[in-house]
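Coordinate analysis (summary)
Letter by letter, the chains look like this.
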Amino acid sequence: YHGLRKAADKKGLNFGFAVHTSFFNMSADDPYVKILKENANTLVAENIMKPVYIQPERGVFHFELADQLINFAEANDMKVRGHCLVWHQQIPYWMNDTTLSRQELLQIMKDHITTVVSRYKGRIKEWDVVNEAIDVEEEDNFRKSVWYRVIGPDYIDSAFVYAHRSDPDAILYYNDYDAEGMNEKSDAVYELASKLVKNNIPIHAIGLQSHFTVDQIDLDEIKQNIKRIGDLGLMANITELDIGIPSNDFGPQALEKQAHYYGALMQMILESENSNSFIVWGEHDGLSWIPGFTEGKKVAPLIFDSALNPKPAYYRLLEVL
Ligand code: XIL
């Protein structure tokens, strides 16, 4: 196979993978690295740019791994997506502290965002600024994270403003899951985005995480959602795609269905006027977070198998691109 990168470059599409920590110790001719080089023009850190890794103690920043990733990307003429600045998970214990005052936590958030975004100004061209802030189980649709509880819902506005001040050219995302099609949650994301836009908050894109399962993907709804986000003047991109197969259904037929959806989603992104990015959440099935996260109920969600061989989904993307 000859790789997806060339076609992606030609179409102006950001295409690539979330990369795993183990990648940092690999040699240049490791098959994992080879796959990145042949297929990706964009990388995102699966974990190591999250606050718990970047700022494990207050004021103590660890950029070594992030620097390595960015250096690798630049050496290979690839872009890096920044993931993520404000989230309720994978934050250090000292940040996840509801006894802090509003002023103090706002300052902590500002320091974190400013330090990280400024460091990579001009090098990281887009950031997931706020991740997973919506929870439709809550009356007001906001997740009751430390950010919400201590600062209030306007922590979201502040996060975008701080990020924008630190790199005015960066594309700033609100990123969430289960909000790809038309449903209660995507309505809530849409409502939040509308408000931010109306208040001139510097938000530029909605990230559709897209942790899917074969058979549960409504392509028309996703298209409709991308379109309404576009009508707000925002980009809508696929930021964390995986398409899990129920383990009791695994087989050639399921792999074919999976390929169908990968291809159809790619087609949709290529055709959408307000989309330019298609990121798969992991390079190969052996390193996907999905089997662990679903306790084995869903498996094999990516485009290379655990032996690093391309799957039907890979070949379908090659066709569509
Ligand atoms: C996941 C990683 O893939 C795992 O390795 C980690 O243990 C937990 O986080 N939404 C996100 C991603 O925004 O950061 C998450 O990544 C998956 C769900």
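Residues numbered from 1 in each chain as written. Predicted model: local features only at pLDDT ≥ 70, side-chain atom pairs only at ≥ 80, totals over all residues. Heavy atoms only, no water.

On to the overall build of the protein. The helix and strand tally for the protein stands at twelve helices and ten strands. Against the compact-globule benchmark of 20 Å for 321 residues, the protein has a radius of gyration of 19 Å, which places it among compact chains. On the principal axes, the C-alpha backbone points of the protein span a range of 55 × 45 × 40 Å. Expressed as a percentage of the 321 residues in the protein, the buried residues total 55%. When contacts within the protein are restricted to residue pairs at least 6 apart in sequence, those whose partners lie at least 24 apart make up 78%. (Helix = DSSP H or I, 4+ residues; strand = E, 2+ residues; numbered from the N terminus. Rg over C-alpha atoms; globule rule 2.2 N^0.38 Å. Buried < 20%, exposed > 50% of the residue type's maximum accessible area, 1.4 Å probe, protein only. Contact = heavy atoms within 4.5 Å.)

On to helix α7 (residues 155-166), then. Between its first and last C-alpha, α7 extends 17 Å over twelve residues, near the 16 Å set by a 1.5 Å rise per residue. What α7 keeps buried is the set Tyr 155, Ile 156, Ser 158, Ala 159, Phe 160, Tyr 162, Ala 163 and Ser 166. (Expected span 1.5 Å × (residues − 1).)

What follows covers the site of the ligand. Taken together, 13 residues sit near the ligand, with Glu 46, Lys 50, His 83, Asn 131 and Glu 240 positioned nearest. Between the ligand and Lys 50, the relevant distance is 2.7 Å, taken from an oxygen atom to a side-chain nitrogen or oxygen of the residue. Between the ligand and Glu 240, the relevant distance is 2.8 Å, taken from an oxygen atom to a side-chain nitrogen or oxygen of the residue. Its free accessible area being 410 Å², the ligand has 81% of it covered by the protein chains. Judged by the fraction of its atoms near the pocket grid, the ligand is located in the largest pocket. By residue class, the composition of the shell around the ligand is three nonpolar, six polar and four charged. (Near = heavy atom within 4 Å. Polar contact = N/O pair within 3.5 Å; in protein donor to acceptor, adjacent residues only side chain to side chain. Areas by Shrake-Rupley, 256 points an atom, 1.4 Å probe, with all protein chains shown as cover. 1 Å grid on protein atoms, 1.4 Å probe; cavity = no way out; pocket = protein on both sides within 12 Å on 5 of 7 lines; lining within 4 Å. Sits in = over half its atoms within 2 Å of the grid points. Nonpolar A, V, L, I, M, F, W, Y, C, P; charged D, E, K, R; others polar.)

The element strand β3 (residues 79-86) is extensively covered by neighbouring structure, given that seven of its eight residues are classed as buried. Pairing of strand β2 (residues 42-45) with β3, which is carried by three bridges, proceeds in the parallel orientation. Paired with Thr 42 across the bridge in β3 is Lys 79. Inspection of the sheet shows β3 paired to strand β4 (residues 126-131) by four bridges, in the parallel sense. Opposite Gly 82, over in β4, you have Trp 127 as the bridge partner. Between the parallel elements β3 and β4, the chain passes through helix α5 (residues 102-119) in a crossover that is right-handed. (Pairing = 2+ DSSP bridges. Right-handed = clockwise from strand over helix to strand, strands pointing away.)

Moving on, we get to the layout of surface pockets. The computed volume of the largest pocket comes to approximately 480 Å³. Lining the largest pocket are 24 residues; nearest its centre among them are Glu 132, Gln 209, His 211, Trp 289 and Phe 293. Contributing elements (two or more residues each) for the lining of the largest pocket: β7 (211-213) and α11 (290-293). With three residues, β7 is the single largest residue contributor to the lining of the largest pocket. Per-class residue counts for the lining of the largest pocket are seven nonpolar, ten polar and seven charged. (Points joined across faces, edges and corners; volume = space filled by probe spheres on them.)

Keep in mind that these numbers describe shape and distance, not what the molecule does.
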